[in-house]
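# Close look at the chain arrangement
If you want the building blocks of each chain, they are given just below.
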Amino acid sequence: MDRTAEERSNVVEELLRENGGWAVIDGGLATELESNGADIRDALWSSKCLFSCPKLIRKVHLDYLEAGASILITASYQATIQGFLSRGFSQEESEALLRKSVELAVEARDIYLQKCPQKRQILIAASVGSYGAYLADGSEYSGDYGECVTLETLKEFHRRRLEVLVEAGPDLIAFETIPNKIETQAYVELLEECKINIPAWFAFSSKDGVNIVSGDSLVECGSIADSCQNCVAIGINCTPPRFIHDLILSMTKITKKPILIYPNSGESYDPEKKEWVQSAGGSAEDFAPFVNIWHEAGASLIGGCCRTSPDTVRAISRALKGGA
């Protein structure tokens, strides 16, 4: 999608106008890849599929488009140059895999639009997961990186990865599951230092409905994101549905930008066993009753995160269209 810098900055607003004030984000990628037979029990998690089964990633993207999603998030959440290098890939190969994550989503969009009788706008959001996601030790769920990890550490870790993803041509960058204030600041500074000319969204995670997972203030972190010129939406992801309503209300107090939410199923992740602990609240039917409540509270971009599926997204789309 060839756009000027000004046009890129308005892609989210355009999408919301086109849809009457709301838009649907896709759902969980890694867990849906597992449901389709992928083995992602690996430190690279879903990004392993970029070299082991890329066509499966494209299939899952297509499943979400057919379920009603208007925003696809790429399979780059846990894809990092450092992670690929540790597995024996060269620098060039590692960067190619990052680009591949965007290319697969673009291919899925093109395939869908070719057979879709009614053309509609679909955005590609290049996922940037936290430093903790790369560590694969559960720190993405605590934000505790230790005293040795500084602002400069994080900026250097993310810098080339961010540049490569932008070069691949997505419509926007999705900073996801942000666990602490220092990484929020690192992203904001990198966008300016790297002269990134596409928009970005910032999505934080919370385990108490008040602060983000590190204990840092959601209001303070959200305000840092809101001050960023590239930031076009702020919100919450990978958070239990029961906390979402109060978090939306908190976000409305600090930003006039679109608020996005894509909660997980409500289950919790055990980083030691590397598995999800079952709990209620994961089905499409469980999500549907809350969608319009969240929208009325101020969320305009709504989807699902871990353990959600195309059925979840289909229910979200149906609810926003008034069919739930």
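Residues numbered from 1 in each chain as written. Predicted model: local features only at pLDDT ≥ 70, side-chain atom pairs only at ≥ 80, totals over all residues. Heavy atoms only, no water.

Under an unreviewed UniProt entry, the protein has the name homocysteine S-methyltransferase and belongs to Rhynchospora tenuis. Its UniProt record gives the protein the following Function (unreviewed entry) comment, quoted word for word: "Catalyzes methyl transfer from S-methylmethionine (SMM) to adenosyl-L-homocysteine (AdoMet). SMM degradation (by HMT-1, HMT-2, HMT-3 and HMT-4) and biosynthesis (by MMT1) constitute the SMM cycle in plants, which is probably required to achieve short term control of AdoMet level." The record in UniProt for the protein states the following under Catalytic activity (unreviewed entry): "S-methyl-L-methionine + L-homocysteine = 2 L-methionine + H(+)". (UniProt positions renumbered as here; feature names shortened; annotations may be inferred.)

Attention now moves to the overall build of the protein. A count of helices and strands for the protein gives 14 helices and 10 strands. On C-alpha atoms alone, the protein measures out to a radius of gyration of 18 Å, which is about the 20 Å that the 2.2 N^0.38 rule sets for 324 residues. The principal-axis extents of the C-alpha atoms in the protein amount to approximately 50 × 45 × 40 Å. Expressed as a percentage of its 324 residues, the buried residues of the protein come to 58%. Of the roughly 13,100 Å² of accessible surface on the protein, 48% is carried by carbon and sulfur atoms. Between the mean site of the 32 positive side-chain charges and the mean site of the 46 negative ones, the protein shows a separation of 4 Å. (Helix = DSSP H or I, 4+ residues; strand = E, 2+ residues; numbered from the N terminus. Rg over C-alpha atoms; globule rule 2.2 N^0.38 Å. Buried < 20%, exposed > 50% of the residue type's maximum accessible area, 1.4 Å probe, protein only. Areas by Shrake-Rupley, 256 points an atom, 1.4 Å probe, with all protein chains shown as cover. Lys, Arg positive; Asp, Glu negative; His and termini not counted. Charge placed at Lys NZ, Arg CZ, Asp CG, Glu CD.)

With that settled, the discussion passes to the pattern of salt bridges. Overall, the coordinates contain 17 salt bridges when judged by the stated rule. For Glu 152, the salt bridge identified is with Lys 155, shortest N-O distance 3.2 Å. Highlighted residues: Glu 152 and Lys 155, both in helix α9 (residues 151–167), separated by 3 residues, approximately one helical turn. Judged by relative accessible area, which is 44%, Glu 152 ranks as partly exposed. (Salt bridge = Lys/Arg side-chain N within 4 Å of Asp/Glu carboxyl O.)

We now examine the sheet that holds strand β1 (residues 23–24). Reading across the sheet, the 8 strands line up as β1-β10-β7-β6-β5-β4-β3-β2 and stay open at both edges, with parallel pairing between neighbours. Each having just a single partner strand, β1 and β2 (71–73) make up the two edges of the open sheet. Here 3 bridges tie β2 to strand β3 (residues 123–128), and the two strands are oriented parallel to one another. Across the sheet, Ile 73 pairs through a bridge with Ala 125, a residue of β3. Along the sheet, helix α10 (residues 181–193) makes contact with β3, β4 (172–178) and β5 (200–204), crossing β5 at roughly 175°. (Pairing = 2+ DSSP bridges. Contact = heavy atoms within 4.5 Å. Axes fitted to C-alpha atoms, helices over the stretch in contact; angles between N-to-C directions.)

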